[in-house]
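Chain residues, written in single-letter form:
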Amino acid sequence: PETPTYDFVFLDADKRGYPDYYELILPRLIHGGLLLLDNVLLGGRVTNEDKDERTQIMDALNERITQDQRVDSVMTLVADGLTFVRRR
């Protein structure tokens, strides 16, 4: 169901699926709930000009999360990058 169910979700799955997972998870987070996305830097490849498909998808998702008015977010440079997303 698309009703708020989770107060915390840790996402570490197929990177190409992250955009879909993000949109499926977000409506299910309670307000103030936290989503943690792992490996958002892909070994730093998201900063390269020449990106493969997987890296382009992750880079676009990083930008989308930054612009998403439904959430507050912060990216940390720990390990391979973690993004903390809090539903408003």
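Given the structure is predicted, the values throughout are model-derived calculations rather than measurements.

Moving on, we get to the pairing of strand β2 (residues 29-38). In this sheet, β2 lies alongside strand β1 (residues 6-11) in parallel orientation, the contact comprising five bridges. Directly across from F8, in β2, lies its bridge partner L34. You can see the chain leave β1, run along helix α1 (residues 18-25) and come back into β2, and the turn it takes is right-handed. For β2 and strand β4 (residues 82-87), the ladder comprises five bridges, and the chain directions are antiparallel.

Further remarks concern the environment of P19. Mapped onto the elements of the fold, P19 is located in helix α1. Under the relative-accessibility criterion, P19 is labelled buried at 17%. For the pair formed by P19 and N62, sequence separation is 43 residues and the distance between their alpha carbons is 9.4 Å. Among all residues touching P19, those that are not within four sequence positions of it are I57, L61 and R64.

Take T83: it is sitting in strand β4. You can call T83 buried: its relative accessible area is 4%. With sequence-adjacent residues up to four places away left out, T83 is seen in contact with L35, L36, L37, V40, N62, I65, S73, V74 and M75.

The subject of this paragraph is the packing of α1 against helix α2 (residues 53-67). Contact pair α1 / α2: the axes reach a minimum separation of 9 Å and the direction vectors enclose 30 degrees. Taken together, the axes of α1 and α2 lie roughly parallel to each other. Note on element contacts: α2 touches α1 through I57, M58, L61, R64 and I65, opposite Y18, P19, Y22 and E23. Looking at side-chain class alone, the contact of α1 with α2 contains seven nonpolar, no polar and two charged residues.

The rules behind the values
- Position numbers for residues start from 1 in each chain and track the written sequence from start to end.
- Predicted model: local features are reported for residues with pLDDT of at least 70 only, side-chain atom pairs are reported and counted for 80 or more only, and whole-chain, interface and lining totals are derived from all residues.
- To get the side-chain values, take all heavy atoms of the structure and skip hydrogens and water.
- The rule for pairing is simple: two strands pair if DSSP sees at least two bridges between them.
- Secondary structure elements follow DSSP: runs of H or I no shorter than four residues count as helices, runs of E no shorter than two count as strands, and numbering proceeds from the N terminus.
- Convention used here: a crossover is right-handed provided that the path from the first strand, over the helix, to the second strand proceeds clockwise when the strands point away from the viewer.
- Only protein chains enter the calculation, and the probe is 1.4 Å; a residue is then buried if its accessible area is under 20% of its type maximum, exposed if over 50%, and partly exposed in between.
- Between two residues, a contact is recorded if the distance between any of their heavy atoms is within 4.5 Å.
- Note on method: axes are straight lines fitted to C-alpha atoms, helices fitted across the in-contact stretch only, with angles between N-to-C directions ranging 0 to 180 degrees.
- Roughly parallel here means an angle under 35 degrees, roughly antiparallel means over 145, roughly perpendicular means 65 to 115, and every remaining angle is called oblique.
- Note on residue classes: Ala, Val, Leu, Ile, Met, Phe, Trp, Tyr, Cys and Pro are nonpolar, Asp, Glu, Lys and Arg are charged, and everything else, Gly too, is polar.

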